[in-house]
Amino acid sequence: MMRRVCLIGGSGQLGHELRQQAPVDWEIIAPSRVEFDMAAPERMLSSLTGLKPDLVINCSAFHAVDLCESRFLDALTVNAVAVLELARWAKKAGAPFVTFSTDYVFDGVARTPYVETAPVNPLQCYGISKVTGERAVQADYPEGAIVIRSCGLYGHAASRQKGGNFVLNRLQDAATKSQIEVGSDLTCTPTSAADLAAGVLGLLGKKAPAGIYHLTNSGSCDWASFTTEIMRLKNKSMRVTPVDRRGAYAPARRPAYSVLDCGRAASLGVALRPWQEALEAFLRDVD
């Protein structure tokens, strides 16, 4: 029996990978942004009712971190209000709901990986909007909603809001520059969209209980080290100079440490490979 799945944000980095890896018994409906506007929740719900999905997966977000500082209301609308409305619709329809959050819900004070139950304390408007969405969904549909926090996503379908992704942008730099400065003061786990999609499908396949899950590639690094590895794997000569910016990434503050403990997913048999292996696999398909 075919499972009718509404995939919101299906053209983005994660949505693209979910479409590529979806089980054969999934009938995926991935409406365009024009057809399904998260910034207009009332019109969005009208469209959703007509689709009648058995599962709703929301990969859409307002995730331009610095822009959220000046467009906080827009960020809240997309990352919290619209997400809550989706959860309410799914609850009424009896359909499971999956949505995504971020490592930026944490303040970076810790120096060991954050578990799902660690206290949240976002430093910027983006993180505040995502925490608001998380809490709204958990309060309204605790029995049927899965919230997946991840970090530093990169994939072959470039992010529209960010104008690419970190990996592709650094390769563009290497084409025109001999040297680049990259921050060394933010430690996290850059994550392959392909690997994250596989993990999401793994959780759904195992009928994971509702709640919050952390899901990233394993290990951690700073962005300068990550850039150095990109250059090594692609045999690029651009020199990477690590810079300690001491968190000065205005206008939005970033957590100095936002590595996520993915033990809850691992306990269900879902664990992603080391970030180095994921990056190497991604770069094999990049000219």
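Residues numbered from 1 in each chain as written. Predicted model: local features only at pLDDT ≥ 70, side-chain atom pairs only at ≥ 80, totals over all residues. Heavy atoms only, no water.

Draft legend 1. Spatial organisation of the sheet that holds strand S10 (residues 211–214). Judged by pairing direction, the sheet is parallel, and its six strands sit side by side in the order S2-S1-S3-S4-S5-S10 without closing on themselves. What marks the edges here is a single partner per strand, and that holds for strand S2 (26–29) and S10. The mean inter-strand angle of the sheet, taken between neighbouring strand axes irrespective of direction, is 25°. Judged from the six bridges that link them, strand S4 (residues 97–102) and strand S5 (residues 145–150) form a sheet pairing that is parallel. Residue pairing for S5: Phe97 is matched across the bridge by Ala145. In the packing of helix H4 (residues 72–93) onto the sheet, the strands contacted are strand S1 (3–8), strand S3 (55–58) and S4, and the crossing angle to S4 comes to about 160°. Across the sheet, helix H7 (residues 193–205) touches S2, S3, S4, S5 and S10, and the angle it forms with S5 is around 155°. (Pairing = 2+ DSSP bridges. Helix = DSSP H or I, 4+ residues; strand = E, 2+ residues; numbered from the N terminus. Axes fitted to C-alpha atoms, helices over the stretch in contact; angles between N-to-C directions. Contact = heavy atoms within 4.5 Å.)

Draft legend 2. Looking closely at the packing of helix H6 (residues 166–176) against helix H10 (residues 275–283). Between H6 and H10, the least distance of the axes is 12 Å, while the angle of their chain directions is 60°. Regarding the angle of H6 to H10, the classification is oblique. Crossing handedness for the pair H6 and H10: right-handed. Mapping the contact onto sequence places Val167, Leu168 and Leu171 in H6 and Leu279, Phe282 and Leu283 in H10. Broken down by class, the residue content of the contact of H6 with H10 amounts to six nonpolar, no polar and no charged. (Parallel < 35°, antiparallel > 145°, perpendicular 65-115°, else oblique. Left-handed = near helix turned anticlockwise from the far one by under 90°. Nonpolar A, V, L, I, M, F, W, Y, C, P; charged D, E, K, R; others polar.)

Geometric values such as these leave the question of function open.
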